[in-house]
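# Structural overview
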Amino acid sequence: MAPQTGTPIRVAVAGAAGRMGETVCRAIDGAADMELVARADPALGLSLRQALADGRPDVLVDFTIPSTAVANAHEAVAAGVHVVIGTTGFAPDALDDLRGAGANVFVAPNFAIGAVLMMQFAATAAKHMHSAEIIELHHDEKLDRPSGTAARTAALMRAATSERGGDDAEIPIHSVRLPGLVAHQEVILGDLGQTLTIRHDSIDRVSFMPGVLLAVRRVGSLSRSPMFGLEQLL
Ligand code: NAD
């Protein structure tokens, strides 16, 4: 539940042995107003149930796999623990039944400020330019495709297009998976005699950490839950 002012926010991390989970654990360790109280990950032999019981966290941060993030959120909320989800690849309506539950859930497909701006610029551009396609590029061990960021960008662009009375045709998404990549996206818009390219690159996973820490600080006081998108907190 919400910690008292001056008391560090007690945080547990699910997926703690993963690429993102390890980075999140380091970021929480380095945040003066947070305490890392538990890690959960089958790769470490540490279950979420144990982490919730032993760590008594205020907030669970989940960077796991699509098939498990929703169940983890339900388990945490049932224990009265707020949840910040960075895992992608599950249907957004999978969390609908947590609306009005005692603890809050915040979800963002991308916690990097540059990616949030890229999505907003792309939505603005979609109001004015006729056609667009998205190329998302990620490391070759990413499980889902298209990426959550690309799916959300397309949804925001389609909403902006229909605001100006345009058609709501699907925006094609091309997925590239290669070793050496982290998380990158290009939105290319085309119109008569011109193109506009908007590109964002996360070249290091630390790019996501300020957004994750912001969500940890704010998840206990959301105006509604579940809440989607880092832009809601900016
Ligand atoms: P990863 O494969 O390196 O790590 C996933 C970890 O989850 C593994 O260590 C695995 O053992 C663990 N895990 C599996 N089931 C679990 C369970 N039931 N409980 C606890 N842990 C469990 O993957 P990654 O690169 O760290 O990415 C994790 C997720 O984060 C992916 O869905 C990815 O798309 C997403 N992601 C989101 C953002 C964002 O800004 N929102 C940024 C990067 C990655």
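What comes next concerns the included structure. (Residues numbered from 1 in each chain as written. Predicted model: local features only at pLDDT ≥ 70, side-chain atom pairs only at ≥ 80, totals over all residues. Heavy atoms only, no water.)

What follows covers the site of the ligand. Residues in contact with the ligand amount to 24 residues; listed here are only the nearest, Met 20, Asp 41, Thr 88, Phe 111 and Lys 142. Taking Gly 86, its main chain carries an N or O atom lying 3.0 Å from a nitrogen atom of the ligand. The backbone of Phe 111 places a nitrogen or oxygen atom 2.8 Å from an oxygen atom of the ligand. Notes on the ligand: free accessible area 870 Å², of which the protein chains cover 82%. For the ligand, the cavity whose grid points lie within 2 Å of the majority of its atoms is the largest pocket. At the level of secondary structure, the elements contributing two or more residues to the shell around the ligand comprise helix H1 (19-29) and helix H3 (66-78). Residue classes in the shell around the ligand are distributed as eleven nonpolar, nine polar and four charged. (Near = heavy atom within 4 Å. Polar contact = N/O pair within 3.5 Å; in protein donor to acceptor, adjacent residues only side chain to side chain. Areas by Shrake-Rupley, 256 points an atom, 1.4 Å probe, with all protein chains shown as cover. 1 Å grid on protein atoms, 1.4 Å probe; cavity = no way out; pocket = protein on both sides within 12 Å on 5 of 7 lines; lining within 4 Å. Sits in = over half its atoms within 2 Å of the grid points. Helix = DSSP H or I, 4+ residues; strand = E, 2+ residues; numbered from the N terminus. Nonpolar A, V, L, I, M, F, W, Y, C, P; charged D, E, K, R; others polar.)

As a further point, take the pattern of salt bridges. Following the criterion strictly, the structure yields ten salt bridges and no others. Arg 199 is paired through a salt bridge with Glu 186; the nearest N and O atoms lie 2.7 Å apart. With a gap of 13 residues between them, Arg 199 in strand E9 (residues 194-202) and Glu 186 in strand E8 (residues 183-191) connect regions that are remote in the sequence. Exposure remark for Glu 186: the relative accessible area of 18% places this residue in the buried category. For the salt bridge of Asp 201 with Arg 199, the shortest nitrogen-to-oxygen distance reads 2.7 Å. Take Asp 201: its relative accessible area is 33%, and that puts it in the partly exposed class. If you follow the salt bridges from partner to partner, you end up with Glu 186, Arg 199 and Asp 201 in one network. (Salt bridge = Lys/Arg side-chain N within 4 Å of Asp/Glu carboxyl O. Buried < 20%, exposed > 50% of the residue type's maximum accessible area, 1.4 Å probe, protein only.)

Moving on: the pairing of strand E1 (residues 9-14). The buried fraction of E1 is high, at five of six residues. In this structure, E1 lies alongside strand E2 (residues 34-40), joined through six bridges in parallel fashion. Opposite Ile 9, over in E2, you have Met 34 as the bridge partner. Once the chain exits E1 it traverses H1 before rejoining the sheet at E2, and the crossover so formed is right-handed. Bridge count for E1 against strand E3 (residues 59-62) is four bridges, and the pairing is parallel. In the strand pairing of E3, Val 11 is matched with Val 59. (Pairing = 2+ DSSP bridges. Right-handed = clockwise from strand over helix to strand, strands pointing away.)

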